[in-house]
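Residue-level listing of the chains:
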Protein chains: 4
Amino acid sequence: MVGHAFMGAAHSHGWRNAGRAFDLPLEPRLVAVAGTSAERTAAAARRLGWEESLTDWRELIERDDIDVIDICTPSDTHREIAVAALQAGKHVLCEKPLANSLDEAEEMAAAARSAAERGIWAMCGFTYRRQPAVALARELIQDGRLGEVRHVRLVYLQDWLSDESAEHSWRLDASRSGSGALGDLGSHAIDLAQWLIGDDVARLSARTTVFVDARPAPGANGTLRPVTVDDAAFVLAEFGSGVIGTIEATRYALGRKNALRFEINGSKGSVAWDLERNNELEFYEADGQPGTAGFTRVLTTDPSHPYLANWWPAGHTLGYDHAFVNQAADFVNAVAAGVQPEPSFDAAASVQRVLATVATSSGSGTWEVVA
Amino acid sequence: MVGHAFMGAAHSHGWRNAGRAFDLPLEPRLVAVAGTSAERTAAAARRLGWEESLTDWRELIERDDIDVIDICTPSDTHREIAVAALQAGKHVLCEKPLANSLDEAEEMAAAARSAAERGIWAMCGFTYRRQPAVALARELIQDGRLGEVRHVRLVYLQDWLSDESAEHSWRLDASRSGSGALGDLGSHAIDLAQWLIGDDVARLSARTTVFVDARPAPGANGTLRPVTVDDAAFVLAEFGSGVIGTIEATRYALGRKNALRFEINGSKGSVAWDLERNNELEFYEADGQPGTAGFTRVLTTDPSHPYLANWWPAGHTLGYDHAFVNQAADFVNAVAAGVQPEPSFDAAASVQRVLATVATSSGSGTWEVVA
Amino acid sequence: MVGHAFMGAAHSHGWRNAGRAFDLPLEPRLVAVAGTSAERTAAAARRLGWEESLTDWRELIERDDIDVIDICTPSDTHREIAVAALQAGKHVLCEKPLANSLDEAEEMAAAARSAAERGIWAMCGFTYRRQPAVALARELIQDGRLGEVRHVRLVYLQDWLSDESAEHSWRLDASRSGSGALGDLGSHAIDLAQWLIGDDVARLSARTTVFVDARPAPGANGTLRPVTVDDAAFVLAEFGSGVIGTIEATRYALGRKNALRFEINGSKGSVAWDLERNNELEFYEADGQPGTAGFTRVLTTDPSHPYLANWWPAGHTLGYDHAFVNQAADFVNAVAAGVQPEPSFDAAASVQRVLATVATSSGSGTWEVVA
Amino acid sequence: MVGHAFMGAAHSHGWRNAGRAFDLPLEPRLVAVAGTSAERTAAAARRLGWEESLTDWRELIERDDIDVIDICTPSDTHREIAVAALQAGKHVLCEKPLANSLDEAEEMAAAARSAAERGIWAMCGFTYRRQPAVALARELIQDGRLGEVRHVRLVYLQDWLSDESAEHSWRLDASRSGSGALGDLGSHAIDLAQWLIGDDVARLSARTTVFVDARPAPGANGTLRPVTVDDAAFVLAEFGSGVIGTIEATRYALGRKNALRFEINGSKGSVAWDLERNNELEFYEADGQPGTAGFTRVLTTDPSHPYLANWWPAGHTLGYDHAFVNQAADFVNAVAAGVQPEPSFDAAASVQRVLATVATSSGSGTWEVVA
């Protein structure tokens, strides 16, 4: 694993517990983690349960006893690590967003396609697909329970920048993070939208905005450093099939801590979800009985729900991190079976293509084709 | 109408609007209101839309141009007014609780039975039966959608006595109000429980309690006056059919303003409701599809829902006072058709019988038969 | 009153009850209602409580015993009736949207300004401003409790066209209704957005769409008639102050019956509301205590809340139609005091200007200035 | 660890992850698990991550490389294992309910007191104390934010016996499980009630009931086997301080999968919680501002909330099993520090004392003192 901050901890949790919840054909071993500081990486290895720590990710790639490279670093480093790992014959799990630019993403996707021909697999960590309620929503849509889909409505609301005195960080520096709320939050929303309805955004009109354009540099006595990424992004999207989608990502929705929400309306049914209540899917079905119609709060903890047969009895909730366990299990199962784990780099690159088109449209002020 | 405070205003709203929402066979006319103070009663008549005001309710009974006596006074006066009115051949709508004692209630019920033989009708104002969501719950139960009922769970939570410096009032004086939370709030819960499942409480174990036993007399420089009624009441009830019910009424549930809530669980389904969200009925149906099972939030504003064909299009909510319009319409329709309007005084007396048994059991500390 | 369908009934409810809930300086009298069919108008007059019925609205304007003209007809007739009434010295309450085109709206606003100089007042019926929770939200914003506003997020979701076999109606005919979801639902959302934050939309990018382009003509054996209005509309708006707003209106959000929702995020607080739960305002305040921070569900039934001192004690909910009573009372009070009742025709014309710009932008595919 | 079914899996999850989330002074090692079947125990060891498997729990106690015995077996075996382990100088974590009878529980508590003198510690697994929202509720109460507590209201609702054709199991056999809903669910509710307000039940009136008195024996062609435990239990409790509590436990609340709910009302504030929405605490504070008062939905995922500094950033939810990780960490920290881990066997025995008194009162039909 490369990187050991928030995402590194979440991925470690996934690898550590996947074989305990699922019957896996192969047992993940947490061999080594790479970081920049020897001391902090060693501490992280101990804390997160890795056998060794290193300060050069290239060493991970060179070792014969390592089969999988898990990339949990900031997105400006994804391309280099992923391409090198795939070329070296390592399976790759890479955190989202796939890259900081469409060029990088397409290079990564090409590397992944090439590796796939050799049975080497790459996957991108859009982990919310593995929340049971989200997976259930997709099942319902794929099974036709919503009929013809018309509306896709997503917001990803956080609030950690609402306070304008909050300090600057690498996430506000375009050269490191590529974009702001758009890539960090919007990428999740776009991936879910495309995956849930099984169709890609074809055209869009978008706008990104900045509410606070400079913030105190850490430890710099109040010196302001410019914010070079978006604070919020808004997208009106038309999918290939004619579905209309609205997508918003912001870090200024005061009081919303992690409100990734979607609602999808079809001709026969609707679904709605909120990550802050991740164990509940709201489902409406037009069944001709208006007297008892309404949104049903499905507590997605039944053994019949996606992933749940491997967890606790009905009524026992899962949290944010269970999706990382599910993700690790899915990855191991796919690699062991020699099939493409999803979302592939191609799927992640299609998200990147939408992100790039958002930037274009925000600049041009017009509708743009995603191509 | 006798009395013109909170209940008088709500009943006036009902009479005034019933013919506007419903096609009634007879049009209610707001002829005269009686009160104790000539000045205040006259002001109330103007404000509430009555043609005349009087200071002696007996005059209402003597007049030929008045067919209905609506009793909205404190419960210690109900018996005298209702019995006199019925004997004089006036139809009667009487606010709940029916009386302050079981003896009074039974005398009233006897008077009502006698009057009914002459085509004169009496009804008690348990108005929450006319909230559409509540009426829908009863329909579902009567239609067998819940299967065999096992649990009835009700609370009626208010908080206006939480502040122990709140002043004394007639509602805290047993000689005026009969009881406290028990009669005021508990009577509603008991009526709903019995009506919803169509069965009466047969045996019960109960407890009433007082949290603050004296309060400042109004305008008396802090002199404390004893509280002679219960602050809260708790009932464990067994119905004739074996259903188990729990009922709680309190004025000390801080933050709950008017939370009359029920949940009823049967072998095939469940319903739940909260007066603070009066337009929503939660309905669970065991239909063998665990993947999409859950409580459905039915927004009870569809024309197919009880009373709703007479109100607004689907999605347009009703409030607390619409039940008084529904009640007035039901009363007029029953009287015009010459059938017993429900809840009859017998039904209200059966509630009073439960209230009396609660007091007995609270004193004895044992289970008591409701008889 | 002109017109006696859904809106006529709602307005009648308002006029009939305003003086019963509020202490008004003038008592509304329901003199006469005008409609197209003599028979149906007479029936409506009886049902809704009007003294007389007429078949020519011009007669209403000519009568000396009528001071107020209440316009509840489809929007293609608003201009003619309103201008004539104002010129004749009648105060006017006109349903929304103000008109079917910006030209009409501006002519009406001009007529209203001219009439105002003579003490004749015009108001537009954006009645949701009178929902107590909405009025409370505005108070909080005006009092600075949200700090600097950044986001305004509104949707107005209905579903009555989801079924593609639903019949055609005048609402789907642009020559009658002007537009579809945009004018019918979007106008409410735009008015609330502008009123709540006290600022107007300055620039916007928008898109309207049609999901089902032809529907069965009523009683025509399945012959399809083209739908000439939008089924849904999407707006990304920038207000003069830099606030970013997203607005969506649709009749295809299956399961949402009347979900007019807003969420507004500022630098110090946020508010959120849903018309389907009209008695609740969610309020978040950043008060430096993260341990107990969260959205507070304010049950807006306290006497301290807007309009509530005139209704029931705390905890007793209001419904959709109470806003019409509040509206009638506000109108009477303003007229009696000789001050402009709000929303004025100017305010309503500013909504119309946004509607017109939405249409322009949807055609051009680019950002357009609201001017 | 003894036992490897549902609870064994949950406890294993706790031991495995405690050191990864928390900085522990001692690192738990999953040495050996004991079960009855060699084959199934070996499979469980592999699946749950234990180094060895055994078929005699006495071997665990005899080994020098094992310091802690974790008892996850049915409650009829708790006494023997726990007493033997404590006498052998092993620290003990024992699942709830502590025992099947008060005698057993008191023997265990005595053994624990004796062991504590030698620095050997025993704790009972009332794990819901470790749900962050529950721990926050206790903090608020202990900090006086609720003022004087008056009401404690708890229900623990499940529905897995609603279907009367569901098969018999050991949980319905009193000789194995001691009691039914009472011990299984009610014990949790009683422990939370006593812990949250820091006071014990002093007197109670209770009732247990059976809805379905015989069920098909598994694999026995429809032969019915008697149900010898309660299906539901109801308790009206008076605490030493005068607080009144109502407690209900049932397995027949159709649609409620795991609804352990409490609401506590004090003179200054209230809290409410539902295990099915475990990441949310509802908190009401009477702060003299009725205009914005209401229950605040606190998403208990902030680093300032109990346990959360060791988990994910604000907004990232926890599930059912995180409480087992928190529990393991608390146990390790207490043992390492040489202090009593809570809940002690004394605390658990006090719950057992209430359970026993519930049975007595249900039989006598009168109030009983808990002694």
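Residues numbered from 1 in each chain as written. Chains lettered and ligands numbered in written order. Predicted model: local features only at pLDDT ≥ 70, side-chain atom pairs only at ≥ 80, totals over all residues. Heavy atoms only, no water.

Engineer: It is not clear to me how the overall build of chain A should be interpreted in this structure. Could you clarify?
Structural biologist: Looking only at helices and strands, chain A has ten helices and 16 strands in total. Taken over C-alpha atoms, the radius of gyration comes to 21 Å for chain A, in line with the 21 Å a tight globule of 371 residues would show. For chain A, the spread of C-alpha atoms along the three principal axes comes to 65 × 50 × 40 Å. In chain A, which comprises 371 residues, the proportion classed as buried is 65%. (Helix = DSSP H or I, 4+ residues; strand = E, 2+ residues; numbered from the N terminus. Rg over C-alpha atoms; globule rule 2.2 N^0.38 Å. Buried < 20%, exposed > 50% of the residue type's maximum accessible area, 1.4 Å probe, protein only.)

Engineer: I keep staring at the sheet that holds strand 4 (residues 91-94) of chain D and nothing clicks. Help me out?
Structural biologist: Remark on secondary structure: sheet strands pair via backbone hydrogen bonds, oriented parallel or antiparallel. Residue and element names in this part refer to chain D. As summarised here, the arrangement of the three strands in space is 3-4-5, forming an open sheet in which the pairing is parallel. Each end of this open sheet is capped by a strand with a single partner; those strands are strand 3 (68-71) and strand 5 (122-124). On average, each strand axis in the sheet is tilted by 10° relative to the strand beside it, whichever way the strands run. Taken together, the three bridges between strand 4 and strand 5 define a ladder with parallel strand orientation. In the sheet register, leucine 93 faces strand 5, and the bridge partner there is methionine 123. On the sheet, helix 4 (residues 78-87) packs against strand 3, strand 4 and strand 5 and is oriented at approximately 175° with respect to strand 3. (Pairing = 2+ DSSP bridges. Axes fitted to C-alpha atoms, helices over the stretch in contact; angles between N-to-C directions. Contact = heavy atoms within 4.5 Å.)

Engineer: Quick question: what am I supposed to make of the relation of the copies chain C and chain D here?
Structural biologist: Both copies of the chain are related by a screw-like operation: a rotation about an axis and a shift along it. Note on the copies: chain C fits chain D at an RMSD of 0.0 Å, the axial shift is 0.0 Å, and the rotation between them is 180°. Classification of the inter-copy transformation places it as that of a two-fold axis. Relative to the rotation axis, the C-alpha of threonine 296 of chain C is the closest in chain C, positioned 1.9 Å from it. Of all interface residues in chain C, 100% are interface residues in chain D too; the two copies therefore contact each other through one and the same surface. (Least-squares fit on C-alpha atoms with pLDDT ≥ 70 in both.)

Engineer: What's the story with the interface of chain C and chain A in this structure? I'm lost.
Structural biologist: In many analyses, interface size is given as the accessible surface area lost on bringing the parts together. Listed per partner, the contact involves 45 residues of chain C and 45 residues of chain A. The contact between chain C and chain A buries some 3300 Å² in all, and 53% of this surface belongs to carbon and sulfur atoms. One can count eight salt bridges joining chain C with chain A. Scanning the region where chain C abuts chain A turns up 18 residue pairs in polar contact (both at pLDDT 80 or more). Elements with a minimum of two residues in the side of chain C that touches chain A: strand 6 (149-157), strand 7 (201-209), strand 10 (232-239), strand 11 (244-250), strand 12 (259-266), strand 13 (269-274) and strand 14 (280-285) of chain C. Considering each element in turn, the side of chain C that touches chain A owes the most residues, five residues, to strand 6 of chain C. Taken together, the residues of the side of chain C that touches chain A sort by class into 16 nonpolar, 14 polar and 15 charged. (Buried area = accessible area lost by both parts, 1.4 Å probe. Salt bridge = Lys/Arg side-chain N within 4 Å of Asp/Glu carboxyl O. Polar contact = N/O pair within 3.5 Å; in protein donor to acceptor, adjacent residues only side chain to side chain. Nonpolar A, V, L, I, M, F, W, Y, C, P; charged D, E, K, R; others polar.)

Engineer: Could you clarify how one ought to interpret the packing of aromatic side chains in this entry?
Structural biologist: Given two aromatic rings, their pairing is described by the distance between the two centres and the angle made by the two planes. Applying the stated criterion across every chain yields a total of 49 aromatic pairs over all chains. On the basis of an interplanar angle of 85° and a centroid distance of 6.3 Å, the ring pair of phenylalanine 22 of chain A and tryptophan 311 of chain A is categorised as edge-to-face. Residue phenylalanine 22 of chain A is located in the loop between helix 1 (6-21) and strand 1 (32-34), and its partner tryptophan 311 of chain A is located in the loop between strand 15 (295-299) and helix 9 (322-337); the two are separated by 289 residues in the primary sequence. One aromatic cluster is present, formed by Phe22, Tyr307, Trp311 and Trp312 of chain A together with Phe6, Tyr128, Tyr156, Tyr320 and Phe324 of chain D through successive ring pairs. Over the ring of phenylalanine 295 of chain C we find arginine 256 of chain A; its NZ or CZ atom is 3.7 Å from the centre of that ring. The ring of tryptophan 367 of chain A is capped by arginine 207 of chain C, whose NZ or CZ atom sits 5.0 Å from the centre of that ring. (Phe/Tyr/Trp six-rings, centres within 6.5 Å; stacked < 30°, edge-to-face > 60°. Lys NZ or Arg CZ within 6 Å of the ring centre and 35° of its normal.)

Engineer: Help me out: how do you make sense of the environment of proline 25 of chain A in this one?
Structural biologist: Residues and elements named next belong to chain A. With respect to the helices, strands and loops of the structure, proline 25 is situated in the loop between helix 1 and strand 1. The spatial distance from the C-alpha of proline 25 to the C-alpha of asparagine 333 is 6.8 Å, given a sequence separation of 308 residues. If we ignore the near neighbours within four places in the chain, the residues touching proline 25 are Val332, Asn333 and Ala336.

Engineer: Sorry if this is basic, but what is going on with the interface of chain C and chain D here?
Structural biologist: Listed per partner, the contact involves 18 residues of chain C and 18 residues of chain D. Carbon and sulfur atoms make up 49% of the area that chain C and chain D hide from each other, which totals about 1100 Å². Among the residues of chain C in contact with chain D, Gly291, Thr292 and Thr296 of chain C are the three that bury the most area, contributing 36% of the side total. Joining chain C to chain D, the criterion identifies zero salt bridges. On the surface where chain C and chain D come into contact, there are five residue pairs in polar contact (both at pLDDT 80 or more).

Engineer: What is the right way to look at the relation of the copies chain C and chain A in this model?
Structural biologist: Once turned by 180° and shifted 0.0 Å along the axis, chain C lies on chain A with an RMSD of 0.0 Å. Of the residues that chain C buries at the interface, 100% are likewise interface residues in chain A, meaning the two copies contact each other through the same surface.

Engineer: Teacher, can you tell me more about the side chain of glutamine 194 of chain C here?
Structural biologist: You can see glutamine 194 of chain C is positioned in helix 8 (residues 181-197). Ignoring anything within four residues of it in the chain, the contact list for glutamine 194 of chain C reads Asp199, Asp200, Val201, Phe239, Ser350, Val351 and Val354 of chain C.

Engineer: I'm lost on unusual backbone geometry in this one. Help?
Structural biologist: In most cases, non-glycine residues show a negative phi, while peptide bonds are predominantly trans. A cis amide bond, omega -10°, links lysine 96 of chain A with the succeeding residue proline 97 of chain A. Following the sequence through the fold, proline 97 of chain A ends up in the loop between strand 4 (91-94) and helix 5 (102-117). Unlike most non-glycine residues, tyrosine 307 of chain B shows phi in positive territory, near 75°. Here tyrosine 307 of chain B lies in the loop between strand 15 (295-299) and helix 9 (322-337).

Engineer: Explain helix 6 (residues 132-142) of chain A to me, please; I cannot follow it from the model alone.
Structural biologist: Since one α-helical turn is 3.6 residues long, residues separated by three or four positions face the same way. Residues and elements named next belong to chain A. Counting buried residues along helix 6, eight of its eleven residues qualify, which places the element largely inside the surrounding structure. Buried within helix 6 are the following residues: Pro132, Ala133, Val134, Ala135, Leu136, Ala137, Leu140 and Ile141. Immediately downstream of helix 6, the backbone of glycine 144 shows phi near 80°, a positive value.

Engineer: It is not clear to me how the sheet that holds strand 3 (residues 68-71) of chain C should be interpreted in this structure. Could you clarify?
Structural biologist: Residues and elements named next belong to chain C. Ordered in space as 3-4-5, the three strands form an open sheet in which the pairing is parallel. If you trace the sheet from one side to the other, it starts and ends with strand 3 and strand 5 (122-124), each paired once. On average, each strand axis in the sheet is inclined to that of its neighbour by 10°, with strand direction left out of account.

Engineer: What's the story with helix 5 of chain A in this structure? I'm lost.
Structural biologist: Residue and element names in this part refer to chain A. Taking 1.5 Å of rise per residue, 16 residues should cover 22 Å, and helix 5 covers 23 Å from first to last C-alpha, within 8% of that figure. Residues Leu102, Glu104, Ala105, Met108, Ala109, Ala111, Ala112 and Ala115 constitute the buried set of helix 5. Elements that come into contact with the buried residues of helix 5 comprise helix 4 (78-87), strand 4, strand 5 (122-124) and helix 10 (345-364). Glycine 119 sits one or two positions beyond helix 5 and adopts a positive phi of about 80°. (Expected span 1.5 Å × (residues − 1).)

Engineer: Is there a simple way to think about the packing of helix 2 (residues 38-48) of chain B against helix 1 (residues 6-21) of chain C in this case?
Structural biologist: Helix-helix packing is characterised by the crossing angle of the two axes and by the distance between the axes. For the pair helix 2 of chain B and helix 1 of chain C, interaxial distance at closest approach is 7 Å and the crossing angle is 160°. When the axes of helix 2 of chain B and helix 1 of chain C are compared, the pair comes out roughly antiparallel. Each of Arg46, Arg47 and Leu48 of chain B in helix 2 of chain B lies in contact with helix 1 of chain C, whose residues at this interface are Gly19, Arg20 and Ala21 of chain C. Considered class by class, the residues forming the contact of helix 2 of chain B with helix 1 of chain C number two nonpolar, one polar and three charged. (Parallel < 35°, antiparallel > 145°, perpendicular 65-115°, else oblique.)

Engineer: What exactly am I supposed to notice about the environment of valine 149 of chain D here?
Structural biologist: Residues and elements named next belong to chain D. Take valine 149: it is sitting in strand 6 (residues 149-157). Sequence separation between valine 149 and valine 243 is 94 residues; the distance between their C-alpha atoms is 6.4 Å. Once you skip the residues sitting within four places of it in the chain, valine 149 turns out to touch Ile141, Ile197, Val243, Ile264, Asn265 and Gly266.

Engineer: Help me understand the pairing of strand 11 (residues 244-250) of chain D, please; the structure alone is not making it clear to me.
Structural biologist: Working note: regular strand, side chains alternate between the two faces of the sheet. Residues and elements named next belong to chain D. Judged by how many residues are buried, strand 11 sits mostly within the fold: seven of seven residues are covered. Burial along strand 11 is two-sided: Ile244, Thr246, Glu248 and Thr250 facing one way and Gly245, Ile247 and Ala249 facing the other are all buried. Linkage of strand 10 (residues 232-239) to strand 11, two consecutive antiparallel strands, is achieved through a turn of four residues, within which glycine 242 is found at a positive phi near 100°.

Engineer: Can you help me understand the pattern of salt bridges in this one?
Structural biologist: When the charged atoms of two side chains lie near each other, side chains of opposite charge can form a pair. Counted under the stated rule, the structure contains 112 salt bridges over all chains. We note a salt bridge from aspartate 65 of chain B to arginine 63 of chain B, for which the minimum N-O separation is 2.8 Å. Judged by relative accessible area, aspartate 65 of chain B falls into the partly exposed class, the value being 34%. A salt bridge links glutamate 106 of chain C to arginine 353 of chain C, with the nearest nitrogen and oxygen atoms 3.3 Å apart.

Engineer: What's the story with the side chain of glutamine 194 of chain B in this structure? I'm lost.
Structural biologist: With relative accessibility at 6%, the residue glutamine 194 of chain B sits in the buried group. At 3.0 Å, the side chain of glutamine 194 of chain B and the backbone nitrogen of valine 201 of chain B are in polar contact.

Engineer: For this particular structure, what's the right way to read the packing of helix 6 (residues 132-142) of chain B against helix 8 (residues 181-197) of chain B?
Structural biologist: All names here are of chain B. In the contact formed by helix 6 and helix 8, the axes pass within 8 Å of each other and the chain directions differ by 35°. Facing Val134, Ala135, Ala137, Arg138, Ile141 and Gln142 of helix 6, the residues of helix 8 in contact are Leu192, Trp195, Leu196 and Ile197. Each residue belonging to the contact of helix 6 with helix 8 can be placed in one class, and the counts come to eight nonpolar, one polar and one charged.

Engineer: What is the right way to look at the environment of glutamine 327 of chain C in this model?
Structural biologist: Residues and elements named next belong to chain C. Positionally, glutamine 327 belongs in helix 9 (residues 322-337). Looking at glutamine 327, the relative accessible area reads 1%, which means it is buried. C-alpha separation for the pair glutamine 327 and glutamine 131, spaced 196 residues apart in sequence, amounts to 9.4 Å. Ignoring sequence-local partners within four residues, the contact set of glutamine 327 consists of His11, Leu93, Met123, Gly125, Phe126, Thr127 and Arg130.

Fair warning: the whole summary comes from geometry, so function is off the table for now.
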